[in-house]
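Results of the structural survey
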Amino acid sequence: MNISRTTIDMSRLPEHARIQLLDFYDFLKSKYSGIQTPEHSGKGRFSEFLSKPVPVEKIRRYTREELHER
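Residues numbered from 1 in each chain as written. Predicted model: local features only at pLDDT ≥ 70, side-chain atom pairs only at ≥ 80, totals over all residues. Heavy atoms only, no water.

Moving on to the overall build of the protein chain. Check the secondary structure of the protein chain and you find four helices and zero strands. Summing over all exposed atoms, the protein chain offers an accessible surface of approximately 7,700 Å²; the carbon and sulfur share of this is 57%. (Helix = DSSP H or I, 4+ residues; strand = E, 2+ residues; numbered from the N terminus. Areas by Shrake-Rupley, 256 points an atom, 1.4 Å probe, with all protein chains shown as cover.)

Here it is as structure tokens:
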């Protein structure tokens, strides 16, 4: 497939297939608009998440009996 093409000949498709193709194209445009890939941002999303600590007020430790009480 030649990626540099900017036009697609849809004349050979039935009407319902053209509608589906245009809907999918709109979906892809909305999905990838404004998204910056990790290699361009300098950091991956996961490493960025790990770099920010999550504040926790108090850690409560449970005993085995408390966890499995019935």
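Before going further, it helps to spend a moment on helix α1 (residues 15-32). An ideal rise of 1.5 Å per residue puts 26 Å on 18 residues; α1 measures up with 26 Å between its terminal C-alpha atoms. Backbone geometry just after α1 places G34 at a positive phi near 80°. (Expected span 1.5 Å × (residues − 1).)

Confidence in the prediction of the protein chain, expressed as mean pLDDT, is 81, and 80% of residues score 70 or more. Looking across the protein chain, the model is least confident in helix α2 (residues 38-41), with a mean pLDDT of 52, and most confident in helix α4 (residues 64-67), with 91. (pLDDT = per-residue confidence, 0-100.)

Our next topic: the pattern of salt bridges. Applying the stated criterion across every chain, the model contains four salt bridges. Close ionic contact of D26 with K29 constitutes a salt bridge, the shortest N to O distance being 3.8 Å. Of this pair, D26 and K29 both sit in helix α1, three residues apart, which is roughly one turn of that helix. Classification of D26 as partly exposed rests on a relative accessible area of 41%. Given the relative accessible area of 43%, K29 is considered partly exposed. (Salt bridge = Lys/Arg side-chain N within 4 Å of Asp/Glu carboxyl O. Buried < 20%, exposed > 50% of the residue type's maximum accessible area, 1.4 Å probe, protein only.)

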